[in-house]
Each structure stands twice: as C-alpha cells, then as structure tokens.
Amino acid sequence: MRVAVIAAPYPLEEFPSPPLGISYVAAAFEKAGCDVRVFDYIISGYSREKLAAQLDEFQPDAVGAGSVTMNFYDAQKILRDVKSIHPDIVTMMGGPHVSFTVEETLRDYPEIDLIFIGEADDTIVEFAPHWNERAKWPGIGGIAFRQGRDIINTGRRDFIADVDRIPLPARHLLPISRYRAFGFPVSMITGRGCPHGCIFCLGRKMVGSKLRRRSSDLVLDEIEHILSLGFERINIADDLFAADEARVKDICRGIRDRNLKFGWSAFARVDTVTQDMFDVMAAAGCDSISFGIESGSPEMLKRVRKGITLRQAVEAVRMCKQSGMLAHASFMVGLPGETKETLAQTDAFARSLDTIFGYHYLSPFPGTTLCEKAEKYDVEILTRDWSKYDANDAIVRTGALEPQDMRDFVALYDREMTGNWQDVMNNYKTGKNSAYDDLRVEGHYRMNITFAILKEDLVERYGIIDAGLLNGNPDEAKRIFIQRLQKTIAGDPRLVDNTVSDYIARGYIRPSNTDKGVVWKWG
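What counts, and at which threshold
Residues numbered from 1 in each chain as written. Predicted model: local features only at pLDDT ≥ 70, side-chain atom pairs only at ≥ 80, totals over all residues. Heavy atoms only, no water. Helix = DSSP H or I, 4+ residues; strand = E, 2+ residues; numbered from the N terminus. Rg over C-alpha atoms; globule rule 2.2 N^0.38 Å. Buried < 20%, exposed > 50% of the residue type's maximum accessible area, 1.4 Å probe, protein only. Contact = heavy atoms within 4.5 Å. Areas by Shrake-Rupley, 256 points an atom, 1.4 Å probe, with all protein chains shown as cover. Lys, Arg positive; Asp, Glu negative; His and termini not counted. Charge placed at Lys NZ, Arg CZ, Asp CG, Glu CD. Axes fitted to C-alpha atoms, helices over the stretch in contact; angles between N-to-C directions. Parallel < 35°, antiparallel > 145°, perpendicular 65-115°, else oblique. Left-handed = near helix turned anticlockwise from the far one by under 90°. Polar contact = N/O pair within 3.5 Å; in protein donor to acceptor, adjacent residues only side chain to side chain. Pairing = 2+ DSSP bridges. Right-handed = clockwise from strand over helix to strand, strands pointing away. Disulfide = S-S within 2.5 Å. 1 Å grid on protein atoms, 1.4 Å probe; cavity = no way out; pocket = protein on both sides within 12 Å on 5 of 7 lines; lining within 4 Å. Points joined across faces, edges and corners; volume = space filled by probe spheres on them. Nonpolar A, V, L, I, M, F, W, Y, C, P; charged D, E, K, R; others polar. Expected span 1.5 Å × (residues − 1). Arc of directions from axis to C-beta.

A. Fine view of the overall build of the protein. A count of helices and strands for the protein gives 20 helices and 20 strands. The C-alpha atoms of the protein give 24 Å as radius of gyration, which agrees with the globular expectation for 523 residues (24 Å, within 12%). Considered along the principal axes of its C-alpha atoms, the protein spans approximately 75 × 70 × 50 Å. Here the protein holds 523 residues, and 52% of them are scored as buried. For the protein, contacts bridging at least 24 residues in sequence account for 69% of all contacts bridging at least 6. Counting only carbon and sulfur atoms, one obtains 50% of the accessible surface of the protein, whose full area is about 23000 Å². Distance between charge centroids for the protein: 1 Å, based on 65 positive and 74 negative side chains.

Right, dumping it as structure tokens:
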C-alpha cells in the first residue's frame with residue numbers, strides 16, 4: 001500500500017515546527033509495511049497543480065491528512081482536490097477536530113472517505129492491510145465511514161497502555177533542511193494522557209485521563225534521533241513532563257551521561273514543579289519554561305477546573321527564574337463568566353510576575369466540555385467557522401462582555417508590546433539599538449525572508465541557472481541565484497544575501513552541477 005500523508009498549511013504566526021502528529025501517523029503506516037511519503041505544505045507552497053504532479057509521480061493508493069480545528073478547512077480542501085484528480089484514491093483524516101465531529105464531517109464533506117477516531121496508532125496498523133476491502137471496515141475499531149447513506153462509526157479503541165511500543169515519529173520523511181532553515185524548535189512528547197479536567201482543553205478526552213509515560217531511555221533515544229537530523233533545539237510539549245520529579249531527573253541525568261548538547265524548553269503545570277527539579281533541568285540545558293496560568297482570578301480558575309492557585313503560579317515563576325531559566329506565562333481571555341473585573345485581575349497578576357507573558361482568546365474546540373455544554377456556563381459560542389478557532393480573536397461572549405470588549409482589552413496589551421517593538425525597529429535603522437536588539441530585528445527579518453523562500457517555493461522557481469550564464473565560472477551560480485531572490489523578496493537585499501548564503505554554507509540549500517548548468521535544491 002502506498003500512502004501519502006498531508007501536512008496541511010499552517011500560518012507563520014503560529015510558529016510552525018516539524019508536525020508531530022503527522023510524523024506519528026507516518027510512522028504507524030510504516031509499521032504496517034506501507035510505502036509512505038509526506039506531502040508537506042506547511043513550509044512549502046500548495047497548489048492543485050503541484051498536488052497533481054506529486055500524486056502522478058508517487059501513485060498513492062490512499063491519501064491521509066491530519067488537522068486541528070484551525071486548519072481543518074485547508075486539509076479538507078486538499079482532500080477534495082485529491083478526489084477531483086484521482087477519484088479512486090481512498091481519502092482519510094484524523095486528529096482532534098474530526099474525532100469529535102465525526103457525523104458532521106462525513107455528512108458535509110463527501111471528499112473524506114474515512115476518519116480515524118482518537119488515538120490512531122494501532123487503528124492504522126490494523127486498517128492498512130484492508131484499505132481496499134471495504135467489507136472488512138466495519139470490523140476495525142476506531143474508524144468511521146459512509147456505507148451507502150449511512151454513517152458507520154465503529155467506536156473509539158482503548159488507549160494504548162504501553163506507549164513504549166509506539167514507533168518514534170517518522171521525522172525522516174519530512175523536508176528536514178526546510179525545517180532546519182526555518183529554525184523553530186522540534187516538538188516531542190514524553191507521554192500521553194492527562195488526569196486534569198480543564199473545561200477548555202481536549203487533552204483528557206483525546207488521550208485519556210490516565211497518564212502513560214514513555215521510558216526514559218526511549219525519550220533519550222528520540223532526543224538523539226532529533227539531534228542526528230541536524231536540529232539544535234527541542235521543545236517538550238506535554239504539559240505533564242514536569243509532573244514526576246524522579247523521572248525528570250532521570251532524563252536530565254541521561255542527557256548529561258550521553259553528552260547531548262542542545263537547547264530545550266518545556267511546558268509545565270505550576271502545581272507539580274520544585275526548585276530542585278528546575279535546577280536539574282537547567283543544568284541539562286533547559287532554558288525556558290511555559291506555564292499555562294489562564295487567569296488571575298481565583299474564582300475563574302475554579303470555574304474552569306484548572307486545579308491550580310495563584311500562589312502556586314507565583315512560586316513556579318520564582319523558582320524558574322531562580323534556576324536561571326526564562327519563565328513564560330500564558331493567559332486566556334473570554335473564559336466563562338469573564339468580566340472587566342476578572343480581566344483587570346488577570347492583567348494585574350500577569351504584570352506582578354515580572355516575566356514574559358501573553359494572551360490568547362478562548363477557542364472552545366469541538367470535544368471540549370465548553371463546546372459540548374456551553375449552555376451550562378456563562379459563555380455563548382458565536383461561530384462554527386473553524387478557521388476562526390485560532391485563539392487570535394474573540395469568538396465568544398459572556399454575560400458581562402461582548403467580543404469587542406475582549407478585543408479592546410487585548411489591544412491595550414498589543415499596543416504596549418507593538419510600541420516597544422516599533423521602538424526597537426526604529427532604533428535598528430538609526431543605529432541606536434544594543435547588539436542584542438539588533439540581533440532580534442535581524443532575526444525577525446530573516447524569519448520573514450525564510451518564510452517567503454519556503455512558502456513561495458523560490459528555490460525551485462529561481463534556482464535553475466543555465467550554463468550560458470556562468471561564463472565558465474561555477475561561482476557565478478551563487479551570485480545569480482541570490483540576485484534573483486533579492487529582486488523577488490521584499491526587504492533589505494543585504495539580509496537576503498546573508499540569509500541565503502548562510503543556508504548554503506550550512507548545506508540546507510545545495511548546488512547540483514549538470515551539463516546544462518547548476519540547479520539549486522534543498523538538501
């Protein structure tokens with residue numbers, strides 16, 4: 001069986017990194033003996049013509065896409081294009097969004113043949129040998145599909161108790177050089193499951209309430225594998241990594257024993273951490289911790305069942321800074337019962353922490369308690385346009401606040417942050433910045449240059465240098481290539497030159513010499 005796995009487009013503003021869920025899906029298909037490719041449109045351009053060419057070249061039997069709510073429409077439209085190009089290809093989708101909108105998705109989007117429900121690692125392995133035997137699909141747990149006019153849902157499978165037997169994510173199938181050029185950390189998880197019942201979160205329903213931890217050795221093996229691909233920074237993305245102090249210390253000890261040199265960050269709950277734990281993490285290379293605090297109102301924290309106190313948040317941030325790591329606090333706007341008073345409490349508390357903090361709007365994703373039982377809480381969901389579920393705008397109202405009230409609150413924070421950043425940008429132009437701030441500005445420009453090169457496929461478009469242009473001097477190929485990009489990309493030509501030259505020096509972009517000239521390609 002040949003399977004193409006789609007990494008659907010993801011906005012730059014959401015800091016796209018190598019897609020973890022897609023990598024697990026690809027690994028499951030590989031475990032089932034399939035020939036697998038990833039069509040990654042996160043850090044490359046998408047068009048129907050490009051998809052058609054990839055399908056014709058690979059000739060897959062099935063095409064699958066993963067999605068979160070925010071990019072569901074992008075994934076769905078790609079599968080619609082697949083069906084219009086090759087109607088006989090089996091199209092599949094998995095992930096949190098479709099797992100909790102099974103009936104709606106299969107009813108409204110005929111281009112999707114099958115849904116993998118919930119944790120799909122074992123489901124994929126069982127399904128793959130029978131992809132073209134529809135009569136056997138009803139006997140496979142964890143899927144949903146149409147049968148005539150009916151929708152067949154075989155129910156969720158039991159969660160995998162021994163997560164050590166799940167294969168490592170198939171990151172080797174991703175366009176590694178593109179992601180290395182982009183520079184965002186590689187995310188990994190060290191376990192699945194969440195015993196907490198936050199009403200705005202999918203964790204408990206998607207991966208179960210029982211915490212299932214991977215062995216320290218396998219976690220360390222995955223870290224080594226990521227580093228072997230050339231990545232230099234890792235983010236441990238499971239919220240409960242720091243919930244078991246002995247295990248954290250064991251993993252940190254393994255990082256030092258294996259002499260693994262890399263920068264890393266982690267998420268953590270404020271009620272599970274200790275100073276000793278943070279000191280050990282810092283000694284093993286961890287330099288920043290992100291805390292989801294959500295609100296500065298004790299009543300609000302109780303209402304959303306966060307299970308933490310403000311005192312715990314203060315202590316966690318203090319301990320993090322004491323260890324020499326950067327603490328980042330995240331807060332949510334628009335929670336049930338939100339008022340101007342609770343927002344003022346949150347603002348005052350966030351500032352009192354004396355650390356970096358930021359706001360997101362509430363997005364009541366399908367499957368969350370808030371989405372399924374909104375009428376029981378003081379919140380009204382105003383849209384089911386899934387593209388708006390990106391936590392970047394208000395899509396709810398409470399009894400005391402309209403969406404514009406929430407926007408006005410966040411705008412005050414944004415103006416403060418934007419004003420500070422604009423000063424740094426202006427000082428860069430006049431030479432008044434510190435060296436550190438100049439690096440921040442150039443990093444900002446470099447990211448935008450890189451994103452343009454990736455999303456517009458500029459290497460593929462402008463990297464073919466005809467031999468007649470080289471005048472017998474192969475070094476001319478680099479100059480011509482960079483000059484073409486400078487004419488195409490908005491911004492300082494010097495920074496375009498610096499960025500592309502660095503990628504060439506690092507081997508991310510490489511020349512291929514032929515009798516007809518030079519072709520630049522991603523490594």
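Now, onward.
B. Structural view of the packing of helix 17 (residues 435-455) against helix 20 (residues 493-505). Interaxial distance between helix 17 and helix 20 falls to 10 Å at its minimum, and their mutual angle equals 70°. Judged on the interaxial angle alone, helix 20 and helix 17 are roughly perpendicular. Viewed along their axes, helix 17 and helix 20 form a crossing whose handedness is right-handed. Touching E442, Y445, R446, I449, T450 and I453 of helix 17 are R494, L495, V496, T499, V500, D502 and Y503, all from helix 20.

C. Highlighting the side chain of E119. With respect to the helices, strands and loops of the structure, E119 is situated in the loop between strand 5 (114-116) and helix 6 (121-127). Here R212 takes part through its side chain, which lies 2.9 Å from a polar atom of the side chain of E119. With sequence-adjacent residues up to four places away left out, E119 is seen in contact with F159, I160, R192, M206 and R212.

D. Representation of the sheet that holds strand 14 (residues 326-333). With respect to topology, six strands assemble into an open sheet ordered 8-11-12-13-14-15, the strand pairing being parallel. This sheet does not close on itself; its edge strands, each paired only once, are strand 8 (186-188) and strand 15 (356-361). The average angle at which neighbouring strand axes cross in this sheet is 25°, direction not considered. Pairing of strand 12 (residues 263-268) with strand 13 (residues 286-294) involves five bridges; the strand directions are parallel. Bridge pairing in strand 13 links A266 to I289. Along the sheet face, helix 9 (residues 216-228) touches strand 8 and strand 11 (233-236) and points at about 165° away from the line of strand 8.

E. The pairing of strand 4 (residues 90-94), seen in detail. Within strand 4, five of the five residues are buried, which leaves it mostly tucked inside the rest of the structure. Here strand 4 shows a buried face lined by V90, M92 and G94 and a second buried face lined by T91 and M93. Here strand 3 (residues 62-66) runs beside strand 4; their pairing, made up of five bridges, is parallel. Among the inter-strand pairings, A62 is bridged to a residue of strand 4, identified as V90. Crossover connection from strand 3 via helix 3 (residues 72-85) to parallel strand 4: handedness right-handed. By the bridge criterion, two bridges tie strand 4 to strand 5 in an arrangement that is parallel. Looking at the pairing, M93 lines up with I115 of strand 5.

F. Representation of the state of the cysteines in the model. Applying the stated rule across the entire model yields zero disulfides. Take C194: it sits in no disulfide, and the sulfur closest to it among the cysteines is that of C201, at 6.0 Å. The class of C194 is buried, set by a relative accessible area of 17%. No disulfide involves C286; its nearest neighbouring cysteine sulfur is the one of C320, lying 7.5 Å away.

G. Spotlight on empty space enclosed by the protein. Per the stated rule, a full pass over the model turns up two cavities of 30 Å³ or more. Taken together, the residues of the lining of the largest cavity break down into six nonpolar, one polar and two charged. In this structure, the second largest cavity occupies an estimated 40 Å³ of space. Of the residues assigned to the lining of the second largest cavity, the class counts are two nonpolar, one polar and four charged.

H. Structural context of helix 10 (residues 245-257). Here helix 10 contains 13 residues, and its C-alpha end-to-end distance of 18 Å stays within 8% of the 18 Å for a straight helix at 1.5 Å per residue. Among the residues of helix 10, R247, V248, I251, C252, G254 and I255 are the ones counted as buried. Projection of helix 10 onto a plane perpendicular to its axis shows the buried side chains occupying an angular sector of 155°, all on one side. Set apart from the buried face of helix 10 by more than 90 degrees, the exposed residues are A246 and D257. Structurally, the start of helix 10 carries an N-cap: the backbone nitrogen of A246 is 3.2 Å from a side-chain oxygen of D244. Following helix 10 by one or two positions, N259 adopts a phi angle in the positive range, close to 55°.

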